[in-house]
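# Coordinate inspection notes
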Amino acid sequence: MRFVTYRTVETEPRLGLLHDGLVIDVEYFGDAIGQDLPSTMLDFIDLGPIGLRFLKEAIAGATSADLVGTSLPEGNVTLLAPIPRPRKNIFGIGLNYTEHVAESARSLDTSNELPKQPVIFSKPPTAVVAWNDPIRHNAKVTQQLDWETELAVVIGSTAKHVAEADALNHVFGYTVINDVSARDCRRAGQWIVSKGQDSFAPMGPCIVTADEIGDPHNLNLSTRVNGVEKQNSNTRFMLFNVNQLIADISGVMTLEPGDIIATGTPAGVGAGRDPQEFMWPGDVVECTVEGIGTLRNPIVAV
């Protein structure tokens, strides 16, 4: 299933399900079939696998009458970030593709040795924006605004000291994140100022449930800036795969439903190019992950 958070001119943000060109409002659909279902993504994730199974079966058995008054054409809604305000910081993973390690060592003074453990940083909830929302370029703060297309993992059940073999059982689904980075804003080697500024975590356009993705380690991902391809790779080239990341993080801190892990970016970032390329007001960046969709955002001056 493909879940979105949407709004119309008449509603606050609401949980929707993409189905045959429609956005089905989950709470209103529940009302139509006599079941109490939540109106937000986080509340639905909190239901766990039981909620997913119930909704999948209910949609499969729904009549056209069940959808009257509970759904809208997809083109009639505005998509927000699937989780507009995460409960906690997003877990970012740095240097998780071999070729990106090499390009970062050349251009960003990071080590050229492959990490022996996942490199973890975070992006605050205030960094999250939606599909088609502007990425803010403050020329007083940065002259090196860069792109990073990433597969993001959304946790579905509490994970603590999880074994790698069991890790995917804790995944609700997957989405796309652009780990926007101001390369000239690192401070004493720390990345949160570089990566955590407002609008630096575009997310979307939807969350695809884990059962529909199948293998998260064989998904093409790419970046285009103004229509020109900048990144093109596959998640099979991760140094630490999704299982390993969940096992590693859950070994030192509890992962909870709704937590998000951005799994790192491949080579092709602007800082790694010769000459270097960065994003500027007027540019449009598009981040695509196979099986999920494309996240599109314009760059605007502030």
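Note that the structure is predicted; figures quoted are calculated from it, not measured.

Scoring rules and cut-offs
Residues numbered from 1 in each chain as written. Predicted model: local features only at pLDDT ≥ 70, side-chain atom pairs only at ≥ 80, totals over all residues. Heavy atoms only, no water. Helix = DSSP H or I, 4+ residues; strand = E, 2+ residues; numbered from the N terminus. Rg over C-alpha atoms; globule rule 2.2 N^0.38 Å. Buried < 20%, exposed > 50% of the residue type's maximum accessible area, 1.4 Å probe, protein only. Contact = heavy atoms within 4.5 Å. Areas by Shrake-Rupley, 256 points an atom, 1.4 Å probe, with all protein chains shown as cover. Lys, Arg positive; Asp, Glu negative; His and termini not counted. Charge placed at Lys NZ, Arg CZ, Asp CG, Glu CD. Phe/Tyr/Trp six-rings, centres within 6.5 Å; stacked < 30°, edge-to-face > 60°. Salt bridge = Lys/Arg side-chain N within 4 Å of Asp/Glu carboxyl O. Polar contact = N/O pair within 3.5 Å; in protein donor to acceptor, adjacent residues only side chain to side chain. Pairing = 2+ DSSP bridges.

## Some words on the overall build of the protein chain
Helix and strand counts for the protein chain come out as eight helices and 19 strands. A compact globule built from 302 residues would reach a C-alpha radius of gyration of about 19 Å, and the protein chain, at 19 Å, matches this within 12%. If one aligns the C-alpha atoms of the protein chain with their principal axes, the spans along those axes are about 60 × 45 × 30 Å. In the protein chain, buried positions account for 55% of the 302 residues. Here the analysis covers contacts within the protein chain between residues at least 6 apart in sequence; of these, 75% occur between residues at least 24 apart. For the protein chain, the computed accessible surface area is about 13000 Å², with 49% contributed by carbon and sulfur atoms. Here the protein chain holds 23 positive side-chain charges and 37 negative ones, and the gap between their average locations is 6 Å.

## A look at the packing of aromatic side chains
Counted according to the given criterion, the structure contains four aromatic pairs. Arranged with centres 5.0 Å apart and planes meeting at 40°, the rings of Phe3 and Phe44 form a pair that is tilted. A residue pair is termed long-range when its members are at least 10 positions apart, and Phe3 in strand β1 (residues 2-7) and Phe44 in helix α2 (residues 41-46) qualify at 41 residues. On the basis of relative accessibility, which here comes to 0%, the residue Phe3 falls in the buried class. For Phe44, a relative accessible area of 0% gives the class buried. Measuring from ring centre to ring centre gives 5.9 Å for Phe3 and Phe172, while their planes differ by 40°; the resulting arrangement is tilted. One end of the pair, Phe3, is in strand β1; the other, Phe172, is in strand β12 (residues 171-178), with 169 residues separating them in the sequence. An aromatic cluster of three or more residues is present, and its members are Phe3, Phe44 and Phe172.

## Structural notes on the pattern of salt bridges
Between side chains of opposite charge, a pair can form when the charged atoms approach closely. Taken as a whole and judged by the stated rule, the model has 13 salt bridges. We note a salt bridge from Glu148 to Lys195, for which the minimum N-O separation is 3.3 Å. Taken together, the residues Glu148 in the loop between β10 (145-146) and β11 (149-155) and Lys195 in helix α6 (residues 192-195) connect sequence positions 47 residues apart. Each member of the pair Glu148 and Lys195 is classed as buried. When salt bridges that share partners are traced, they join Lys123, Asp146, Glu148, Asp179, Arg183 and Lys195 into one network.

## Thoughts on helix α8 (residues 242-250)
Extensive coverage of α8 is indicated by the burial of seven of its nine residues. Within α8, the full set of buried residues consists of Val242, Asn243, Leu245, Ile246, Ala247, Ile249 and Ser250. Its buried side turned inward, α8 meets β6 (90-94), β7 (119-123), β11, β12 and β17 (260-262). Sitting at the head of α8, Asn241 places a side-chain oxygen 3.1 Å from the backbone nitrogen of Asn243.

## Examining the side chain of Thr8
Among the structural elements, Thr8 can be located in the loop between β1 and β2 (14-19). Classification of Thr8 by relative accessible area gives buried; the value is 18%. Excluding its chain neighbours within four sequence positions, the residues that come into contact with Thr8 are Leu72, Asn76 and Val77.

## A short note on the pairing of β11
Counting buried residues in β11 gives seven out of seven residues, a clear majority hidden from the surface. Side chains Thr149, Leu151, Val153 and Ile155 project from β11 onto one buried face, and the interleaved Glu150, Ala152 and Val154 project onto a second face that is buried too. Pairing geometry for β11 and β12, over seven bridges, is antiparallel. Residue pairing in the sheet places Val153 in a bridge with Tyr174 of β12. Bridging between β11 and β17 involves three bridges; their strand directions are antiparallel. Pairing of Val153 across the sheet is with Ile261, part of β17.

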